Amino acid sequence: GIVNIDDSMCIEVGGCIEDAENCPDWEDDPNAYELTATMNVMVLLNGEQTAQSGDILGAFDDEGNIRGIGIQLIPPFGPNEGSIIYEIQLRSNFNGEIISFKYYDASKDLIYEGLSEYEFLANDIVGDMMDPDQLEIGIYGCTFSIANNYNPNATIDDDSCEFPPLGDLSFKEFNYVDKTIEVH
């Protein structure tokens with residue numbers, strides 16, 4: 001549901017449905033780190049805002065430790081009126097640490113990785129309700145259209161492509177830049 005803080009801002013609250021298999025158990029510990037930075041972000045999929053009630057944005061260090069969980073805010077004014085913007089307090093013990101993000105889409109019960117990274121800077125403020133930073137979801141999968149397991153929704157090739165048998169032929173090299181194949 002939606003919780004009104006005051007007449008100028010609402011917070012979207014939610015959680016995972018009971019039968020969600022991939023619902024993350026991410027828990028934030030605000031007291032575990034000395035320094036903070038704040039980000040206001042809009043999550044995009046194929047260039048379009050994708051957040052819905054119950055979705056979760058998490059920030060992580062390179063060892064997988066949680067460095068912040070986003071709160072869904074819904075501005076009732078401005079260019080993002082009615083859209084979900086995440087406000088996320090990031091935490092670290094030193095400047096320069098690389099923070100990555102994961103996004104849980106409750107409607108699909110999927111966790112997306114491969115979103116942009118952030119280099120931590122104490123007391124930094126990135127984005128706001130009028131002009132939020134943007135995190136584009138990267139969808140991993142096989143991006144080569146003739147593969148058996150081609151994923152037309154994939155935006156990041158994960159080297160998982162499986163090709164049909166070619167008899168005596170085999171793929172020696174695939175050039176992803178030019179989309180060419182050398183067959184021997």
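Because the structure is predicted, anything quoted here is derived from the model rather than measured.

A. Highlighting the overall build of the chain. Scanning the chain for helices and strands turns up 0 helices and 17 strands. When burial is assessed residue by residue, the chain has 37% of its 184 residues classed as buried. Counting contacts in the chain only where the partners sit at least 6 residues apart, residues at least 24 apart contribute 57% of the total. Accessible area for the chain stands at about 10,600 Å²; split by element, carbon and sulfur atoms hold 46% of it.

B. How the structure looks around the packing of aromatic side chains. Scanning all chains against the criterion turns up 4 aromatic pairs. Aromatic side chains tyrosine 118 and phenylalanine 120 sit 6.5 Å apart centroid to centroid with 80° between the ring planes, which places their arrangement in the edge-to-face category. Exposure class is identical for tyrosine 118 and phenylalanine 120. Each is buried.

C. Summary view of the nonpolar core. Leu57, Leu90, Phe101, Tyr103 and Tyr118 are the most contacted members of the largest nonpolar core, which has 24 residues in total. Here this core gets 5 residues from one element, more than from any other, and that element is strand β3 (residues 35–45). With residues near it in sequence (within four places) discarded, tyrosine 118 still touches Ala37, Met39, Leu90, Glu97, Ile98, Ile99, Phe101, Asp124 and Val126. Residues Trp26, Ile56, Phe60 and Tyr104 belong to the second largest nonpolar core, which totals 7 residues.

D. How the structure looks around the pairing of strand β9 (residues 98–105). Alignment of strand β5 (residues 56–60) against β9, held across 5 bridges, turns out to be antiparallel. Bridging from a neighbouring strand, leucine 57 pairs with tyrosine 103 of β9. By the bridge criterion, 2 bridges tie β9 to strand β11 (residues 118–119) in an arrangement that is antiparallel. When the sheet's bridge partners are listed, isoleucine 98 is paired in β11 with glutamate 119. When β9 meets strand β10 (residues 110–112), the two strands line up antiparallel, connected through 3 bridges. Of the residues in β10, the one forming a bridge with tyrosine 103 is tyrosine 112. Between β9 and β10, which pair antiparallel one after the other, the connecting turn spans 4 residues, and aspartate 109 there sits at a positive phi close to 55°.

E. Structural detail: the pairing of strand β8 (residues 85–92). β8 sits mainly inside the fold: 6 of its 8 residues count as buried. Relative to β8, β3 runs antiparallel, the two sharing 7 bridges. Bridge pairing in β8 links alanine 37 to leucine 90.

F. Layout of the pattern of salt bridges. Taken as a whole and assessed by the stated rule, the structure comprises 3 salt bridges. Measuring nitrogen to oxygen at the nearest pair gives 2.7 Å for the salt bridge that ties aspartate 28 to arginine 91. Taken together, the residues aspartate 28 in the loop between β2 (9–12) and β3 and arginine 91 in strand β8 connect sequence positions 63 residues apart. In this structure, arginine 67 and aspartate 61 form a salt bridge, with 2.8 Å as the shortest nitrogen-oxygen distance. When sorted by exposure, arginine 67 lands in the same class as aspartate 61, which is buried.

The rules behind each value
- Residues numbered from 1 in each chain as written.
- Predicted model: local features only at pLDDT ≥ 70, side-chain atom pairs only at ≥ 80, totals over all residues.
- Heavy atoms only, no water.
- Helix = DSSP H or I, 4+ residues; strand = E, 2+ residues; numbered from the N terminus.
- Buried < 20%, exposed > 50% of the residue type's maximum accessible area, 1.4 Å probe, protein only.
- Contact = heavy atoms within 4.5 Å.
- Areas by Shrake-Rupley, 256 points an atom, 1.4 Å probe, with all protein chains shown as cover.
- Phe/Tyr/Trp six-rings, centres within 6.5 Å; stacked < 30°, edge-to-face > 60°.
- Core = buried A, V, L, I, M, F, W, Y, C linked by side-chain atoms within 4.5 Å.
- Pairing = 2+ DSSP bridges.
- Salt bridge = Lys/Arg side-chain N within 4 Å of Asp/Glu carboxyl O.

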